[in-house]
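Chain by chain, the residues:
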Amino acid sequence: MNREYHKWHSPRLGREMELLVFGHSGLPVMVFPTSGGRFFEFEDRQMVGALGDRLESGSLQLFCVDSVDSESWYNKAVPPRWRIARHCQYESYLLEEVMPLVRKRNQDRRMVALGCSFGGYHAANIAFRHPDIFTGLLSMSGAFDISSFLGGYYDQDCYFNLPTHYLPNLGDAWFFEHYRRNTYILATGWDDQCLAQNQALDRILAGKGIPDKLFIWDSWNSHDWPTWQRMVREYL
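Residues numbered from 1 in each chain as written. Predicted model: local features only at pLDDT ≥ 70, side-chain atom pairs only at ≥ 80, totals over all residues. Heavy atoms only, no water.

**Student:** Before we go on, may I ask you to explain the sheet that holds strand 3 (residues 27-32) in this structure?
**Tutor:** Backbone hydrogen bonds are what pair the strands of a sheet, in a parallel or an antiparallel way. Spatially, the eight strands line up as an open sheet ordered 1-2-4-3-5-6-7-8, and their pairing is mixed. Only two strands of the sheet have a single partner each, and these edge strands are strand 1 (3-10) and strand 8 (213-217). The sheet shows a mean angle of 20° between the axes of neighbouring strands, direction not considered. Judged from the eight bridges that link them, strand 1 and strand 2 (residues 15-22) form a sheet pairing that is antiparallel. The residue bridging Tyr-5 from the neighbouring strand is Leu-20, located in strand 2. Helix 9 (residues 195-207) contacts strand 7 (183-189) and strand 8 of the sheet and is inclined by roughly 150° relative to strand 7. Of the strands in this sheet, strand 5 (112-116), strand 6 (136-140), strand 7 and strand 8 touch helix 10 (residues 225-235), which is tilted by about 140° from strand 8. (Pairing = 2+ DSSP bridges. Helix = DSSP H or I, 4+ residues; strand = E, 2+ residues; numbered from the N terminus. Axes fitted to C-alpha atoms, helices over the stretch in contact; angles between N-to-C directions. Contact = heavy atoms within 4.5 Å.)

**Student:** I'm lost on helix 5 (residues 118-129) in this one. Help?
**Tutor:** Every α-helix carries 3.6 residues per turn, so stepping three or four residues along brings you back to the same face. Between its first and last C-alpha, helix 5 extends 17 Å over twelve residues, near the 16 Å set by a 1.5 Å rise per residue. Within helix 5, eleven of the twelve residues are buried, which leaves it mostly tucked inside the rest of the structure. Taken as a whole, helix 5 has its buried residues at Phe-118, Gly-119, Gly-120, Tyr-121, His-122, Ala-123, Ala-124, Asn-125, Ile-126, Ala-127 and Phe-128. (Expected span 1.5 Å × (residues − 1). Buried < 20%, exposed > 50% of the residue type's maximum accessible area, 1.4 Å probe, protein only.)

**Student:** Just checking my understanding: could you explain empty space enclosed by the protein for this structure?
**Tutor:** Gaps left between atoms show up when a probe the size of a water molecule is rolled over them. Applying the stated criterion across every chain yields a total of two cavities of 30 Å³ or more. In this structure, the largest cavity encloses a volume near 50 Å³. Residue contributions to the lining of the largest cavity peak at four residues, all from helix 4 (residues 80-105). Looking at the lining of the largest cavity, its residues break down into four nonpolar, three polar and one charged. Lining of the second largest cavity is provided by Val-31, Phe-32, Pro-33, Arg-38, Phe-39, Glu-41, Phe-42, Cys-64 and Val-65. Broken down by secondary-structure element, the contributors of at least two residues to the lining of the second largest cavity are strand 3, helix 1 (41-44) and strand 4 (60-65). Of the residues in the lining of the second largest cavity, the class split is seven nonpolar, no polar and two charged. (1 Å grid on protein atoms, 1.4 Å probe; cavity = no way out; pocket = protein on both sides within 12 Å on 5 of 7 lines; lining within 4 Å. Points joined across faces, edges and corners; volume = space filled by probe spheres on them. Nonpolar A, V, L, I, M, F, W, Y, C, P; charged D, E, K, R; others polar.)

**Student:** Help me out: how do you make sense of the pattern of salt bridges in this one?
**Tutor:** Two side chains bearing opposite charge may form a pair once their charged atoms approach each other closely. Inspection of every chain in the model, using the stated rule, returns twelve salt bridges. Among the salt bridges present, the one from Arg-81 reaches Asp-157, with a minimum N-O distance of 2.9 Å. Separated by 76 residues along the polypeptide, Arg-81 in helix 4 and Asp-157 in helix 6 (residues 156-159) bring together distant segments of the chain. By relative accessible area, Arg-81 is classed as partly exposed at 31%. Connected through shared salt-bridge partners, Arg-15, Glu-71 and Arg-86 make up one network. (Salt bridge = Lys/Arg side-chain N within 4 Å of Asp/Glu carboxyl O.)

Structure representation (structure tokens):
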């Protein structure tokens, strides 16, 4: 299996950033780590291995990015305004620095955002904010309303980075034209701590006429890697 390690100094984040690429062609997927996770988490947790046959056959290519959550959402040492600003810089890094690498390595114009747990937030947020770039979403046990991380602070950047806040009020036809061509999959479990958030997002999408599929698994300990390994093979 093709495996590539990339590292460069990000001018948008002002620090070194790393990522891993798995596979040589096929459907490109941007993979976000969970809370406190790193770019190598998907490999360490056997998620890459679960997709090994597809990666080797050239039907799938993963771009496993790093996160700056400890500097943004989880950084209680700085004011909430700084946290959301850091998150915005992170999105700029993904769009302006990572995406050019993806397009250089892969000519497929599709693009899937994928994440588990807190990574599901990142995947959903960037997919709904940029449906012209991200044509698919797979969130497994995702959390989507993370306003509690802001300690009561709220501004325009907060609003536009909380999918359960901006989607109910969205009326721009351009977004809906793209949404209806894309694929959105939410996967969770009946015992998942994020079940209610997935059901809430599913209701919002249905109410706006945005097609999605919500799968709720009847499995023990669904908010964990063994379940996500099975889900990713089922839905990706």
